[in-house]
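# Tertiary structure, described
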Amino acid sequence: MLQIRTPKTGRAKREVEKRAPKIVETGKKTLILHGTKTSQVLNTVLTEIYHLKKDNAVKYTRRNDNIRPFESGGETSMEFYSLKTDCSLIVFGSHSKKRPDNLVIARTYDHHIYDLVEVGIENFKSMVSFSYDKKLAPQIGSKPFFAFIGEGFENLEELKHLKEVLLDLFRGEVVTNLNLAGLDRVYVCTAVSSNRVFFTHCGLRLKKSGSVVPRMELVEVGPSMDLVVRRHRLPEDGLKKEAMKIAPELTKKKEKNVSKDAIEGKIGKIYMPDQQVGIVPLPNKAKGVKRERREAKMKGDTKKHEAKKQKLEA
Amino acid sequence: MGEVEEEQKQHYQIDLGNLFAFNPHHNFPSVPPSREELVKECLEQGTKLVQAVADALFSLPSVEDRDGPLVKLPAPTIRLPREKPLPKPRPPTKWEVFAKKKGIQNHKKDKLVFDEQTGTWKRRHGFDRVNDDKDIPIIEAKMTDEPGVDPFAKRRSEKKQRVEKQERHRLHNLKEAAKVGALPSHVQLAATAIPITGTQAAPRKVSKEELQNVAGMAATATASGGKFDKKLPGEKPQKHEKKYRKFLPVVEGSGMGSLERQQTDKVLSKLMSKNSHEILNVEKAVNMYNVKREKKRRNQPGKSSSTSSKLKPKNPHNKTSKKGSSFKGKSKKGSSFKGKSK
């Protein structure tokens, strides 16, 4: 027998509905995990990423020995956490002799691993080590600018993937209305060589210029590090196709020539072709033609004609 | 900003929806000598890119808000994968299909309805509602009514039936939606252990005692019957519900009869009773017959008259006595014979 189970409290119902799939998605949450061993550098990196994404990130502090992202069985723990916390981006840090200061950024689709990028961190400078005017500090949750420099991001597969993942990670919510006064941060990524990306977080200072557009000035604020791309796994084709689907309602084309009026309802315009009044031939009804007809009839049918004449005489 | 610079300024890929700018034409011809130079170069390039985006951004039509100018951003051009699959449209419910076919429009109902009986506005559903069953004092009898039928009970049972029907339809609609995969997010359909009909046997819930016994049962398959198995903490020792074999003492104590003789006699009598067909357990047969008769007499309501009761007890006694004597004689003979052979 089947039983219908619904949440008993309004709060629980609202939480469940928040996690339901929507047609237009906003705001991916991030989960930050530690691996079997983490170095000091890595700990700081993970903490700083968490601070950058404070609003929509969850940080777990315990070690997870059984997570091995690139192995087939080692992802189950990540998927379970993703399901429990409703996070679709996972940042996993681990340190080993073979891969020092290793950071794995994973994306999930339907709480299953979609794709992975593994980077090593070098030359890390923490947020604390930068000194700047406190007024420039970016606010939590502000929409960032992205600046990607280098032809490597276009030509190399791994760097292209990394670009997409970094954009997804730091993007925040997709908004339609943006307040121009609240723009205060930039993420700058430069492809230094074929496998090294210089990543830094800067605050923006808008200076008065002659025109409406203010002059931008970048001040290094946040963490800066060198990302060395190690391994990556692209998503499967079928899964990628499904994940990139857009709802058919959104791609509906606008009907042409139809407009809606409050009073008259649906209005459309009828376009008449050009009427050529002068060229149209007129019907055969001229008086002169009538005489000809009479003569023709006279030749053909005499009886009728006589009858008519008789009538007239009578 | 000379002409030369403008020509050199190549196009950046700008995605306004994401506030994203990409310069695909830059490359480092040689690794900069120091870190600071690298950082400086990167910040320079970054500034140019951000400026380009800001140019495009500030040229959009803006609305003045109290916090600052609001701009309407276009949709992002760079497509990123979704995090959850697209929600499927749910199939129409049974009522929706019917309403569409009949052309029934759904009209909004008011929360307050005028109650004629009391002459006040009462709410439609809930406490102190219009047309409540408990407010009806008298139900007039109609010609079609059967005598002996309680109309109030009838109303209640009808309402219960309607509610059950509604629940069945709701479950059906949810099952249809679950088939497509379009179950509403706050509903979960779970299978419980109560069977609907006798066709499908319900999975029986195993009790705690049964679970505790399972390990013991499996252990009996080992060579030593599970006696020397390592037990988990908290596991109770296996219960032995069968009989233990009885062995005679090696030395027979005083005051006990010959136990060995008794044991062998027991074995013998068992063998004899199995192989000889004529021997009848007289007492058992009599008891069974009497019990059967008593039951029959009790079931039939006073029909069996005194005459039959008088007659019946006579006959079986006669029969059994005859049988008993004959067989008893035979058995005695048999035992005496056997005694001699020893």
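For chain B, an unreviewed UniProt entry supplies the name Ribosome biogenesis regulatory protein and the organism Escallonia herrerae. Listed under Subcellular location (unreviewed entry) in UniProt, the entry text for chain B is "Nucleus". Under the Function (unreviewed entry) heading, UniProt states for chain B: "Involved in ribosomal large subunit assembly."

Under the annotation held in an unreviewed UniProt entry, chain A carries the name Ribosome production factor 2 homolog and is attributed to Escallonia herrerae. Heading Subcellular location (unreviewed entry) of the UniProt record for chain A holds this comment: "Nucleus, Nucleolus".

This next bit is on the sheet that holds strand S3 (residues 57-63) of chain A. The 11 strands lie next to each other as S3(A)-S2(A)-S4(A)-S5(A)-S6(A)-S11(A)-S10(A)-S9(A)-S7(A)-S2(B)-S1(B), forming an open sheet whose pairing is mixed. At either end of the open sheet lies a strand with only one pairing partner, and these are S3 of chain A together with strand S1 (13-15) of chain B. Mean inter-strand twist for the sheet, computed between neighbouring axes without regard to direction, equals 20 degrees. The pairing of strand S2 (residues 30-34) of chain A with strand S4 (residues 89-94) of chain A spans 5 bridges and is parallel. For threonine 30 of chain A, the partnering residue across the bridge sits in S4 of chain A and is leucine 89 of chain A. Relative to strand S11 (residues 215-233) of chain A, helix H5 (residues 157-170) of chain A is tilted by about 125 degrees, and along the sheet it contacts S2, S4, strand S5 (102-109), strand S6 (112-125), strand S7 (145-149), strand S9 (185-191), strand S10 (196-207) and S11 of chain A together with strand S2 (20-23) of chain B.

Before going further, it helps to examine the pattern of salt bridges. Applying the stated criterion to the full structure yields 22 salt bridges over all chains. Among the salt bridges present, the one from arginine 196 of chain A reaches glutamate 122 of chain A, with a minimum N-O distance of 2.7 Å. With arginine 196 of chain A in strand S10 and glutamate 122 of chain A in strand S6, this residue pair connects regions lying 74 residues apart in the sequence. For arginine 196 of chain A, a relative accessible area of 23% translates into the label partly exposed. On the accessibility criterion, glutamate 122 of chain A (30% relative accessible area) is partly exposed. Aspartate 226 of chain A is the salt-bridge partner of arginine 35 of chain B, the closest N and O atoms lying 3.2 Å from each other. With arginine 35 of chain B in helix H2 (residues 35-58) and aspartate 226 of chain A in strand S11, this residue pair bridges two chains. Through salt bridges that share partners, Lys28, Arg107, Asp115, Glu164 and Asp168 of chain A make up one connected network.

Our next topic: the confidence of the model for chain B. Residue and element names in this part refer to chain B. Mean pLDDT over chain B works out to 79, with 80% of the residues at or above the 70 mark. Here residues 1-7 scores under 50 on pLDDT; set against residues more than four positions off or in separate chains, the count is 0 contacts. Scored below 50 in pLDDT, residues 319-342 shows 8 contacts in the model against residues more than four places distant or in partner chains. Scored by ipTM, the complex comes to 0.75, with pTM at 0.64.

Let us look at the interface of chain B and chain A. With 60 residues of chain B at the contact, the number on the chain A side is 76 residues. Summing both partners gives a buried area of about 6500 Å² for chain B against chain A, and 65% of it is carried by carbon and sulfur. Among the residues chain B hides against chain A, the three largest losses belong to Phe58, Arg82 and Glu83 of chain B. Together they make up 12% of the total. At the surface where chain B touches chain A, the tally comes to 3 salt bridges. Between aspartate 86 of chain A and lysine 84 of chain B there is a salt bridge whose closest N-O contact spans 2.9 Å. Along the contact surface separating chain B from chain A lie 28 residue pairs in polar contact (both at pLDDT 80 or more). At the level of secondary structure, the elements contributing two or more residues to the side of chain B that touches chain A comprise S2, H2, strand S4 (69-72), helix H4 (151-180) and strand S7 (188-191) of chain B. Tallying contributions element by element places H2 of chain B first for the side of chain B that touches chain A, with 16 residues. Across the side of chain B that touches chain A, the residue classes break down as 35 nonpolar, 15 polar and 10 charged.

With 93% of its residues at a pLDDT of 70 or more, chain A has an overall mean of 86. For chain A, the element scoring lowest by mean pLDDT is helix H8 (residues 302-313) of chain A, at 51; S2 of chain A scores highest, at 95.

With that settled, consider the pairing of S2 of chain A. All names here are of chain A. Along S2, 5 of the 5 residues are buried, which leaves the element largely enclosed by surrounding structure. Neither face of S2 is left uncovered, since the one carrying Thr30, Ile32 and His34 and the one carrying Leu31 and Leu33 both have all their residues buried. As paired strands, S2 and S3 are joined by 4 bridges and run parallel to one another. By the bridge assignment, threonine 30 is partnered in S3 with alanine 57. At this point the chain moves from S2, through helix H2 (residues 40-52), to the parallel S3, and the crossover so formed is right-handed.

Non-glycine residue aspartate 101 of chain A carries a positive phi angle of around 50 degrees. Here aspartate 101 of chain A lies in the loop between S4 and S5. At leucine 19 of chain B, a position not held by glycine, the phi torsion is positive, near 55 degrees. Relative to the helices and strands, leucine 19 of chain B resides in the loop between S1 and S2.

The end-to-end C-alpha separation of helix H7 (residues 282-299) of chain B is 26 Å, in line with the 26 Å expected for 18 residues at 1.5 Å each. Summarising burial for H7 of chain B: 1 of the 18 residues are buried, a small minority.

Attention shifts here to the packing of aromatic side chains. The description of an aromatic ring pair uses the distance of the two centres, along with the angle that the planes make with each other. Using the criterion set out here, one finds 13 aromatic pairs over all chains in the structure. With 6.5 Å between their ring centres and 45 degrees between their planes, phenylalanine 146 of chain A and phenylalanine 20 of chain B make a pair best called tilted. In this pair, phenylalanine 146 of chain A is assigned in strand S7 and phenylalanine 20 of chain B in strand S2, connecting two distinct chains. Residue classification places phenylalanine 146 of chain A among the buried positions, given a relative accessible area of 2%.

Here we take up a positive patch on the surface. All names here are of chain A. On the surface, Lys290, Arg291, Arg293, Arg294 and Lys297 cluster together to form a positively charged patch. Examined against the element boundaries, lysine 290 turns out to sit in helix H7 (residues 287-300). A residue is classified by how much of its surface remains accessible, and lysine 290, at 53% relative accessible area, is exposed.

Basis of the calculations
Residues numbered from 1 in each chain as written. Chains lettered and ligands numbered in written order. Predicted model: local features only at pLDDT ≥ 70, side-chain atom pairs only at ≥ 80, totals over all residues. Heavy atoms only, no water. UniProt positions renumbered as here; feature names shortened; annotations may be inferred. Pairing = 2+ DSSP bridges. Helix = DSSP H or I, 4+ residues; strand = E, 2+ residues; numbered from the N terminus. Axes fitted to C-alpha atoms, helices over the stretch in contact; angles between N-to-C directions. Contact = heavy atoms within 4.5 Å. Salt bridge = Lys/Arg side-chain N within 4 Å of Asp/Glu carboxyl O. Buried < 20%, exposed > 50% of the residue type's maximum accessible area, 1.4 Å probe, protein only. pLDDT = per-residue confidence, 0-100. Buried area = accessible area lost by both parts, 1.4 Å probe. Polar contact = N/O pair within 3.5 Å; in protein donor to acceptor, adjacent residues only side chain to side chain. Nonpolar A, V, L, I, M, F, W, Y, C, P; charged D, E, K, R; others polar. Right-handed = clockwise from strand over helix to strand, strands pointing away. Expected span 1.5 Å × (residues − 1). Phe/Tyr/Trp six-rings, centres within 6.5 Å; stacked < 30°, edge-to-face > 60°. Patch = residues over 30% accessible without salt bridge, like charges linked within 9 Å, V, L, I, M, F, W, Y side chains within 5 Å. Areas by Shrake-Rupley, 256 points an atom, 1.4 Å probe, with all protein chains shown as cover. Lys, Arg positive; Asp, Glu negative; His and termini not counted. Charge placed at Lys NZ, Arg CZ, Asp CG, Glu CD.

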